[in-house]
Each structure stands twice: as structure tokens, then as C-alpha cells.
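Results of the structural survey
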Amino acid sequence: MNMMMNSRHARGSKHRIVSLEEAKKMLPEPCEGEMDRYFPVRGATCGVEHIQNVLRGPYAFFHGCSKRIVSQRGMISWSGIGLFAFGDRDPKHFGAGHTMLLGQPGSGKTLLAKTIEERFQMETKRIQGTIDLMPSDIIGTSVLDIEENGRRSFKFVKGPIFGRYVIVDEITRISTRAQSAFLEAMSEGQVTWGGVTYQNDPFIVATSNEEGVEKLLDALSDRLMCQVRVQPFDRKDFTEILHRTQDFQRINLAPVCDHKTVAEIRQFFHDTVYVSDEIRDFIGHLAETINNIDGSGLLQQVRARLGFTADEEFLKPGSWPLSG
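Residues numbered from 1 in each chain as written. Predicted model: local features only at pLDDT ≥ 70, side-chain atom pairs only at ≥ 80, totals over all residues. Heavy atoms only, no water.

Some words on the overall build of the chain
Applicable threshold: Think of it this way: any DSSP run of H or I at least four residues long counts as a helix, any run of E at least two long counts as a strand, and we number them from the N terminus. Restricting the calculation to C-alpha atoms gives the radius of gyration, and the globule rule supplies 2.2 Å times the number of residues raised to the power 0.38. Think of it in three bands: with a 1.4 Å probe and only protein chains considered, a residue is buried below 20% of the maximum accessible area for its type, exposed above 50%, and partly exposed in between. We call two residues in contact whenever any of their non-hydrogen atoms come within 4.5 Å of each other. Values of accessible area rely on a 1.4 Å probe in the Shrake-Rupley scheme; residue burial ignores everything except the protein chains shown. His residues and chain termini do not enter the charge count, which takes Lys and Arg as positive and Asp and Glu as negative. By convention, charge coordinates are those of NZ in Lys, CZ in Arg, CG in Asp, or CD in Glu.
Across its full length, the chain carries 13 helices and 13 strands. On C-alpha atoms alone, the chain measures out to a radius of gyration of 22 Å, which is about the 20 Å that the 2.2 N^0.38 rule sets for 324 residues. Buried positions account for 42% of the 324 residues belonging to the chain. Intrachain contacts of the chain at a sequence separation of at least 6 include 73% that bridge at least 24 residues. For the chain, the accessible surface area stands at approximately 18300 Å², while carbon and sulfur atoms represent 51% of it. Computed over 39 positive and 42 negative side-chain charges, the separation of the two mean positions in the chain equals 4 Å.

Now the structure itself:
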């Protein structure tokens, strides 16, 4: 929220001070009376459209998650960023910031999916990762279609990859052969089957526990904007979960907007939030430093602090952690 509010040099938007009281009037109906606690008390200097899009987009998402999901601030925050930011890019397609959630079952990943589905009326599809999953189970397949006059032809039946919001549960149980079925949709916004190309622009959230069966393809990992480790619950969290689940059936999240509006909000942020040359240069310097850091022992300390296992490739000496 603060990052959005401080985008003072955003292109194409007139800036003025927007007070807290004025911003409260911009809240979408399901969030009325519950203002974002990060909104500056003295008001924000930015375009009015920025505030409107933050409140009906990311904040509406965070607000819905707070009604159902206990703790998991990182999972919620990064999933929201992935949903409303462009991630992988192609000359003809800017895709959502696909996200991977790492952690044990029962941490709220499915509740997160239901929140997105209800808040933004996004067509949700689910792919259950198994070792015998085939590419056709993800993309779809051709079936024989017999018309009333007896004419026969093959018809393409779309698979679950064609949802607007696609949950890939236990993605590391899917064979590398089947994992390749995600690549074209994630980076190019299309799926090719039988020589025919179909437009497809999903937001993909993959999940995995720490005991992966298959290695994630490097090309697939590269298409994920965020990999988030789900945090374990403490005693207070477990107590709160018992309270929340008692009233689950009473928590109905009213929709705020649809998939088209989500795409418009994503495009708005891309076009108007300005990043200075100094910040871009710093990011480039940081990425180069990470990719060329030596094996003096610093990487081992960083890996230990982040809780990486021995077989985790990221930040290993001699590895190339960050790609283009």
C-alpha cells in the first residue's frame, strides 16, 4: 500500500492529497467500515485512481483473506502481489505473477483459492498433482465427435489449464514430462494442441510440501514470480483456527469485481507506477552481485538462515540464482 501511495511520479495521473476520510468513501461495498490500516493518517499524495484500484484490488483481496485465513501473512501478501502484478513477460503477452506456496497441508492454501474465486468471480480450476499425470490431463485432448447425420470429427476438449485461476496442488509430484504442459500458458498466454493455438491467460498458484517426488523443471521454476514458504502455526493460531472453523458456513464473501477488472487493475499499476532509474540500476547491481557471489561461506550462512535443504539448488555456490 505504501509503495503505491508513494508513486508520486506515476505517469498519466494527476496527483493531490487524498485524505483518509475521502479514501474511506472509495472502499468497495464488502469492505465498508474497515479501512486499510496502512493508509497514511495524514492522507496520501498520489492519483485518485491509484487509491481506487488499490482498494478494490489488493486491499479487497487482503480483507477477504483476513476473514478466513489465520496468520500466513507472507502467503497472503505475495499471492496478492502475484495476482495484481505482471510476472513473466513475452513480446506479445504480459502474464500474471505466478506463485508457488511451499509448506505442509492444512495451512490455508485452499481457503486462499476460494477467497480469490469468490472475491473476484474468477473461474477456478484445480489440478491434483500425481506421478501418473499426463500432459493431456492438463492441456486437454481431442475426442471423437459424432454428429446427428453420422459425420465424424475430432473436437478439442479443453483441460483445467484453461481456468482463469488455476491451483496446481502438489506440483512436485507431477513428472517433468507433464510439467512441460504449463510452460506455454504461463509465459506466452496461449496453448497449442494439434497444430492449433488457443489463447489462454491463467493465474497459476502451485503448492508443494517439503517432500517433493519430482524436481521442478528449471524453465517452470523460472516462470514463477514468487516462491513462498508457508509458516507453521503457533498455539494462538491453532486456537483461532478452532474459532474460525466454527463459523465457516456464515462467512460469505461478496464479490468486488470480475476477472476483466482484475486484468485492468494489473495493467493500470504497470502503466502508472514509476520506478526511477536509480532503483532499476540498484536492482541490476544486486542481481549481478547475487549471481557472482563466491563460495567463501557466506552462501552457506544465507542458506542456513533461509532454511534451505541440502538438495535445494537456489544460492548454491556456482549456481545462477537469478535469470532474466
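Remarks on the side chain of aspartate 169
Short version of the rule: The term polar contact refers here to a pair of N or O atoms within 3.5 Å; inside protein, the definition further demands a hydrogen-donor-capable atom paired with an acceptor-capable atom, and it admits residues adjacent in sequence only when both atoms are side-chain atoms.
Summarising the element assignment, aspartate 169 is placed in strand β9 (residues 165-169). In this structure the side chain of aspartate 169 is engaged in a polar contact, spanning 2.6 Å, whose partner is the side chain of threonine 207.

A word on the pattern of salt bridges
Pairing of side chains with opposite charge becomes possible as their charged atoms draw close. Definition in use: Any Lys or Arg side-chain nitrogen found within 4 Å of a carboxyl oxygen on Asp or Glu counts as a salt bridge.
Scanning all chains against the criterion turns up 9 salt bridges. A salt bridge links lysine 24 to glutamate 21, with the shortest nitrogen-to-oxygen separation between them at 3.5 Å. Of this pair, lysine 24 and glutamate 21 both sit in helix α2 (residues 20-24), 3 residues apart, which is roughly one turn of that helix.

Let's talk about the environment of serine 323
In this structure, serine 323 sits in the segment after α13 (298-306). Serine 323 sits 117 residues away from alanine 206 along the chain, and the two C-alpha atoms are 20 Å apart.

Concerning the sheet that holds strand β13 (residues 226-229)
Going by this rule: We treat two strands as partners when DSSP finds at least two bridges between them. Note on geometry: axes are lines fitted to C-alpha atoms, helical ones only across the stretch in contact, with angles between N-to-C directions running from 0 to 180 degrees.
One open sheet holds the 5 strands; their spatial order is β6-β9-β12-β5-β13, and the pairing between them is parallel. In this open sheet, the two strands that pair with only one neighbour each are β6 (124-128) and β13. Across the sheet, the mean angle from the axis of one strand to that of its neighbour is 15°, orientation sign disregarded. Together, β5 (99-102), β12 (203-208) and β13 form the strand contacts of helix α4 (residues 73-84), whose direction differs from that of β5 by roughly 165°.

Observations concerning unusual backbone geometry
Backbone geometry at glutamine 72 places phi at a positive 55°, although glycine is not the residue there. Along the polypeptide, glutamine 72 turns up in the loop between α3 (48-68) and α4. The residue glutamine 121 is not glycine, and still its phi comes out positive at about 50°. For glutamine 121, the position within the fold is in the loop between α5 (109-120) and β6.

Points about the packing of α4 against α5
Defined as follows: Should an angle fall under 35 degrees it is taken as roughly parallel, and over 145 as roughly antiparallel, whereas 65 to 115 is taken as roughly perpendicular and any remaining angle as oblique. Two helices crossing with the near one rotated counterclockwise from the far one by less than a right angle form a left-handed crossing, whereas a clockwise rotation gives a right-handed crossing. Following the grouping adopted for this structure description, the nonpolar residues are Ala, Val, Leu, Ile, Met, Phe, Trp, Tyr, Cys and Pro, the charged ones are Asp, Glu, Lys and Arg, and the polar ones are all others, Gly among them.
As a packed pair, α4 and α5 sit with axes 12 Å apart at the nearest point and diverge in direction by 40°. When the axes of α4 and α5 are compared, the pair comes out oblique. At the point where α4 passes α5, the crossing takes the right-handed sense. Residue-level inspection shows Met75, Ser79, Leu83 and Phe84 of α4 in contact with α5, the latter providing Lys109, Leu112 and Phe120. For the contact of α4 with α5, the residue count by class is 5 nonpolar, 1 polar and 1 charged.

Nothing here speaks to function; it is all geometry.
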